[in-house]
Amino acid sequence: MVNRLVISAIRVLVLMAMATFLHAGELKVEPDRTRLYEGEVLTLTVTGSMKLDINLSNLFNLDLSNLPSPDIEKVEPAFEILGKNQRYSIRTVNNDMVGEITWTYQLAPQRSGKLTIPSLSFKDSTSKPVNIQVVSGSPPDQKAAASRDSFIELSADKAEVYVQEQLTMTIRLFFSGNLVRGELSEPDHPDAIIEPLGKQREYSRYRDGVRYRVVERRYALFPQQPGELTLPPIEFEGQARDASGKLIFLRDSEQLYPVPVNDVPASYTGDTWLPASALTLEESGLPESLQVETGENLTRNITLRAAGLPAEALPPLPELAPEGLRSYPEAPERKTDITPAGLASSLSQTRALVPVQSGPLTLPEMRITWWDTTTDSEQVAIIPAKTLQVGGASAQTASQATPSSTDNDTGASGTSEPELRTVTHLAGNG
């Protein structure tokens, strides 16, 4: 049975390749309906016929890419062509070989109102224009969600944000049937940094008594300019098979509401704008007693943690070592994690400290100013000043106690910093 079908299909294609078109017949254009609602897909059938003249000289010149088709691209931009297929048949009419080609197109209207499928051409034949009425909204006798084979839901965690503040956006695609193919667009904007929050989730959910499959994606958006953030619509196109096995075309789009983006508050006193839902400074490594000896190797680690910011947005950590304390910084470590609430980041700086002078040595207070987006107020993260009590005689040099991995010495100034640039925008490099 399979071999018979294959041979039949090859015979039709070979006859087409051997055929010389003598004249064109009638070109029919038939939509499955002339009135539809937004989001629905129109099926357009185009049928053309031609008289064939068998020419054996073309037997071995079969080229499927050159098979003829009507100028369907003329329906754009009023309609988007979602899919197409074609089939061929050959019959005998009054001892003449007549080939008939049928093309089937799935067309999605690009707007509501009166649209026209223009006159199409195939060889020497043309069709008549067809008017299509596209009605806004959904069919009145069906529930909005239940009447659709697919639809998109968008949500965000905030109604407005500050510039560079995190906005978490969730995209949920609902669809019924067995998905064969699908393309779901992603949020995009020239004035926003957009980061995906992990992999997409897939699960089932009921809406209005209908069971849908759901694909969920989450994104963190950081608008870089004050004003209004208006994202392009999220679009979906795909194909699925319903319970009867029929192939159906899925298409939908949804747009997130415009989000006001506020500028940096005039009252903000920090050097670097840091809008976060939480920000802390942590310290570790020094002995609890703060009693040390001259030439002793010490390690001090400072970590800045922020919720709602990527690590690249965090500024370099200040470090002012007093005279008599040599500082040897390691390369800072930045890390960004994905959490249920969005991005969480950290910046860690480790320094080796060597006291070379006896007596009290005070490590200055460390302050990071930031903006609390939860309370809408300025806050300051602080590591209090602390005084080391250094025993033993003062050392003229500390070469034996100096870590061998670096010769970076603050000398009399007692300070040493890695070459880092203060980050004032999320796109910068810290």
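Keep in mind that what you see is a predicted model, and the values were worked out from it rather than measured.

A.B. asks: Which residues make up the overall build of the chain, and what values do they have?
C.D. replies: Looking only at helices and strands, the chain has 1 helix and 31 strands in total. Out of the 430 residues belonging to the chain, those deemed buried represent 42%. Taking all contacts inside the chain whose residues are at least 6 apart in sequence as the whole, residues at least 24 apart take part in 72%. A total accessible area of about 22,800 Å² is found for the chain, and carbon and sulfur atoms account for 47% of it.

A.B. asks: Summarise the pairing of strand E29 (residues 366-372); cite the residues concerned and give the values.
C.D. replies: Buried residues dominate E29, accounting for 6 of its 7 residues. Pairing of strand E21 (residues 275-276) with E29, which is carried by 2 bridges, proceeds in the parallel orientation. Across the sheet, residue Ala-276 finds its bridge partner in E29, namely Asp-372. The antiparallel hairpin formed by E29 and strand E30 (residues 377-383) contains 4 residues in its connecting segment, where Asp-376 sits at a positive phi of about 55°.

A.B. asks: Could you give me a rundown of the sheet that holds strand E28 (residues 359-363), with the residues and numbers involved?
C.D. replies: Read from one edge to the other, the open sheet built from 3 strands follows the order E23-E31-E28, with strand pairing classed as mixed. Every interior strand has two partners, whereas the edge strands, strand E23 (291-293) and E28, have only one. When strand polarity is set aside, the average angle formed by the axes of neighbouring strands in this sheet is 35°. Bridge analysis of E23 against strand E31 (residues 386-391) gives 3 bridges, and the strand direction is parallel. Its bridge partner being in E31, Val-292 is matched across the sheet by Val-390.

A.B. asks: Describe the pattern of salt bridges, naming the residues involved and giving the relevant values.
C.D. replies: All chains considered together, the criterion is met by 14 salt bridges. For Arg-201, the salt bridge identified is with Glu-216, shortest N-O distance 3.1 Å. In this pair, Arg-201 is assigned in strand E15 (residues 201-207) and Glu-216 in strand E16 (residues 210-223), connecting sequence segments 15 residues apart. By relative accessible area, Arg-201 is classed as partly exposed at 47%. Of the residues examined, Glu-216 reaches a relative accessible area of 6% and is grouped as buried. Taken together, the shared-partner salt bridges connect Glu-283, Arg-300, Glu-319, Arg-351 and Lys-386 into one network.

A.B. asks: Quick one: what's the story with unusual backbone geometry, residue by residue and with numbers?
C.D. replies: Look at the link from Glu-76 to Pro-77: it is a cis peptide, with omega at 5°. Following the sequence through the fold, Pro-77 ends up in the loop between strand E3 (42-54) and strand E4 (79-93). Positive phi is not limited to glycine here, since Asp-376 has a value of about 55°. On the secondary structure map, Asp-376 appears in the loop between E29 and E30. Residue class for Asp-376 comes out partly exposed when judged on its relative accessible area of 44%.

A.B. asks: So what's going on with the pairing of strand E9 (residues 130-135)? Which residues, and what values?
C.D. replies: Note: strand E2 (residues 35-37) against E9, 3 bridges, orientation parallel. Bridged to Leu-36 within E9 is Val-134. In this structure, strand E6 (residues 113-117) lies alongside E9, joined through 5 bridges in antiparallel fashion. By the bridge assignment, Gly-113 is partnered in E9 with Val-134.

A.B. asks: Can you lay out the side chain of Thr-170 for me, pointing to particular residues and giving the numbers?
C.D. replies: Tracing the chain through its elements places Thr-170 in strand E12 (residues 167-175). Given the relative accessible area of 10%, Thr-170 is considered buried. If sequence neighbours within four positions are ignored, Thr-170 has contacts with Glu-153, Leu-154, Ser-155, Glu-216, Arg-217 and Arg-218.

A.B. asks: Just give me the short version of the sheet that holds strand E18 (residues 234-241), but keep the residues and values in it.
C.D. replies: Pairing in this open sheet of 3 strands is antiparallel, and the strands run E13-E18-E19 from one edge to the other. Each edge of the open sheet carries a strand with a single partner, namely strand E13 (178-184) and strand E19 (247-254). If you compare each strand with its neighbour and ignore which way they point, the axes differ by 15° on average. Examined bridge by bridge, E13 and E18 share 6 bridges and lie antiparallel to one another. Bridging from a neighbouring strand, Arg-181 pairs with Gln-239 of E18.

Analysis parameters
- Residues numbered from 1 in each chain as written.
- Predicted model: local features only at pLDDT ≥ 70, side-chain atom pairs only at ≥ 80, totals over all residues.
- Heavy atoms only, no water.
- Helix = DSSP H or I, 4+ residues; strand = E, 2+ residues; numbered from the N terminus.
- Buried < 20%, exposed > 50% of the residue type's maximum accessible area, 1.4 Å probe, protein only.
- Contact = heavy atoms within 4.5 Å.
- Areas by Shrake-Rupley, 256 points an atom, 1.4 Å probe, with all protein chains shown as cover.
- Pairing = 2+ DSSP bridges.
- Axes fitted to C-alpha atoms, helices over the stretch in contact; angles between N-to-C directions.
- Salt bridge = Lys/Arg side-chain N within 4 Å of Asp/Glu carboxyl O.

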